[in-house]
Amino acid sequence: MTVPELQLHDGNSIPQLGFGVWQVDDDAARDAVSTALTTGYRHIDTAKIYENEAGTGQAVRESGIPRDQIFVTTKLWNEDQGRDRALRAFEDSLVRLGLDYIDLYLIHWPKPAENLYVDTFAALRELLADGRVKSLGVSNFQVPHLERLIETTGEVPVLNQIELHPQFSQPELRKFHAKHGILTEAWSPLGQGKVLSHPELVSIAQEVGKSVAQVILRWHLQLGNVVIPKSVTPSRIAENFAIFDFELNDEQVDTITALDVPDGRIGPDPDTF
Ligand code: NAD
């Protein structure tokens, strides 16, 4: 089964389905990433703050899969914003991963009160020149943060990784991304498992003969989102990968999109976190 690749505006591409490893310790991350790579995933999402870059990198290196066939994302943690700290933090991530380059490096949160994300982004752009970062993006940026970043630096991040699931589908941000050529990547795409018993989702899953998790992931794909579900259970890792042999019709997509609720956010608010 081949996972579709989406085009980033810098000319690189990203597998639309990836594998996330938040809240997984180093040893478990090594095992889970190894299982994911064997299953067929070629896109792994980690971060400094997950404290599992070492296990993740080990699984990538020991997989026997050529490095250029695996897309690796990691993220700059909040305390590392600002030019010098950011460049040092990147080096440290690269060492922990044991890799020569990162496919996608993200500023994890904007931290607007600290007012450092513009300088941080400008500094990280230098890493693109020598190829140690292939693509540069952001995470948890709201429209005003993106507007300011673009106006000040004249550069557009390739992707914004944001909380996005059926009860928090981020229509305003997705519209802004589409207008500026920024890909939308969904974190907690399954709502951390909390939406799996929603009656409308259960009913659509019965209609198409798939699990609710598969239906939600398929909805993301059909919206054009990059999606990075997490599981450490091999059967679920396989289930979440088996989403390319069916389609939702427009009505089913619209029904899921309509589940959005104003207080649907599960994670922190990026304006204040
Ligand atoms: P998720 O929405 O992927 O849900 C994961 C949980 O759902 C699992 O722990 C499991 O309990 C359940 N689950 C997974 N597959 C299932 C299946 N097939 N059937 C039933 N239950 C299933 O949540 P997540 O881990 O929060 O998000 C995914 C990834 O997004 C993370 O691992 C991380 O890489 C990334 N993330 C990024 C940020 C950020 O700030 N950028 C924040 C949170 C997560």
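Residues numbered from 1 in each chain as written. Predicted model: local features only at pLDDT ≥ 70, side-chain atom pairs only at ≥ 80, totals over all residues.

- The protein is annotated in an unreviewed UniProt entry as Oxidoreductase from Hoyosella rhizosphaerae.
- What the UniProt record of the protein gives under Sequence similarities (unreviewed entry) is the line "Belongs to the aldo/keto reductase family." (UniProt positions renumbered as here; feature names shortened; annotations may be inferred.)

Overview of the overall build of the protein
Working step 1: Along the protein, the regular secondary structure elements total 10 helices and 10 strands.
Working step 2: Since a compact globule built from 273 residues should have a radius of gyration of about 19 Å, the 18 Å found for the protein is in line with a globular shape.
Working step 3: Within the protein, buried positions represent 46% of all 273 residues.
Working step 4: A fraction of 74% describes how many contacts in the protein between residues 6 or more apart in sequence connect residues 24 or more apart. (Helix = DSSP H or I, 4+ residues; strand = E, 2+ residues; numbered from the N terminus. Rg over C-alpha atoms; globule rule 2.2 N^0.38 Å. Buried ≥ 20, exposed ≤ 12 C-beta atoms within 10 Å, placed from the backbone. Contact = placed C-beta atoms within 7 Å.)

Things to note about the site of the ligand
Working step 1: Taken together, 25 residues lie around the ligand, and Gly-20, Trp-22, Leu-190, Gly-193 and Lys-230 are the ones closest in.
Working step 2: Residue contributions to the shell around the ligand peak at three residues, all from helix 9 (residues 234-241).
Working step 3: Tallied by class, residues from the shell around the ligand come to nine nonpolar, 12 polar and four charged. (Near = placed C-beta within 6 Å. Nonpolar A, V, L, I, M, F, W, Y, C, P; charged D, E, K, R; others polar.)

Notes on the sheet that holds strand 6 (residues 102-107)
Working step 1: Reading across the sheet, the eight strands line up as 3-4-5-6-7-8-9-10 and stay open at both edges, with parallel pairing between neighbours. The open sheet is flanked by strand 3 (19-20) and strand 10 (226-227), the only strands paired with a single partner.
Working step 2: Note that strand 3 and strand 4 (residues 43-45) share two bridges and pair parallel. The residue bridging Phe-19 from the neighbouring strand is Ile-44, located in strand 4. (Pairing = 2+ DSSP bridges.)

A look at helix 6 (residues 171-180)
Residues spaced three or four apart along an α-helix face the same direction, because each turn holds 3.6 residues.
Working step 1: Summarising burial for helix 6: one of the 10 residues are buried, a small minority.
Working step 2: Remark: Gly-181 follows helix 6 within two positions and exhibits a positive phi of approximately 75°.

Considerations on the UniProt feature "binding site: substrate" (unreviewed entry) in the protein
Working step 1: Per the UniProt annotation, the sites labelled "binding site: substrate" (unreviewed entry) are His-108.
Working step 2: Looking at where His-108 falls in the secondary structure, it is placed in the loop between strand 6 and helix 4 (117-129).
Working step 3: Owing to 20 C-beta atoms within 10 Å, His-108 belongs among the buried residues under this scheme.
Working step 4: In contact with His-108, other than residues within four places in its own chain, are Ala-47, Ile-49, Lys-75, Leu-76, Trp-77, Asn-78 and Ser-139.

Some remarks on the pairing of strand 8 (residues 159-163)
Working step 1: Counted residue by residue, strand 8 has five buried out of five residues, so it is predominantly covered.
Working step 2: Of the strand pairs in this sheet, strand 7 (residues 133-139) and strand 8 are connected by two bridges, and their pairing is parallel. The residue bridging Ser-139 from the neighbouring strand is Gln-161, located in strand 8.
Working step 3: Handedness of the crossover joining strand 7 and strand 8 through helix 5 (residues 143-153) is recorded here as right-handed.
Working step 4: The pairing of strand 8 with strand 9 (residues 183-187) spans five bridges and is parallel. Directly across from Ile-162, in strand 9, lies its bridge partner Ala-186.
Working step 5: Handedness of the crossover is the feature at issue here: the chain leaves strand 8, passes through helix 6, returns alongside strand 9, and the resulting connection is right-handed. (Right-handed = clockwise from strand over helix to strand, strands pointing away.)

Some remarks on the nonpolar core
Working step 1: Residues Val-33, Val-72, Phe-90, Tyr-105, Leu-124 and Ile-216 are the most contacted members of the largest nonpolar core, which totals 68 residues.
Working step 2: Per-element accounting of this core gives the leading share, six residues, to helix 8 (residues 212-223). (Core = buried A, V, L, I, M, F, W, Y, C linked by C-beta atoms within 7 Å.)

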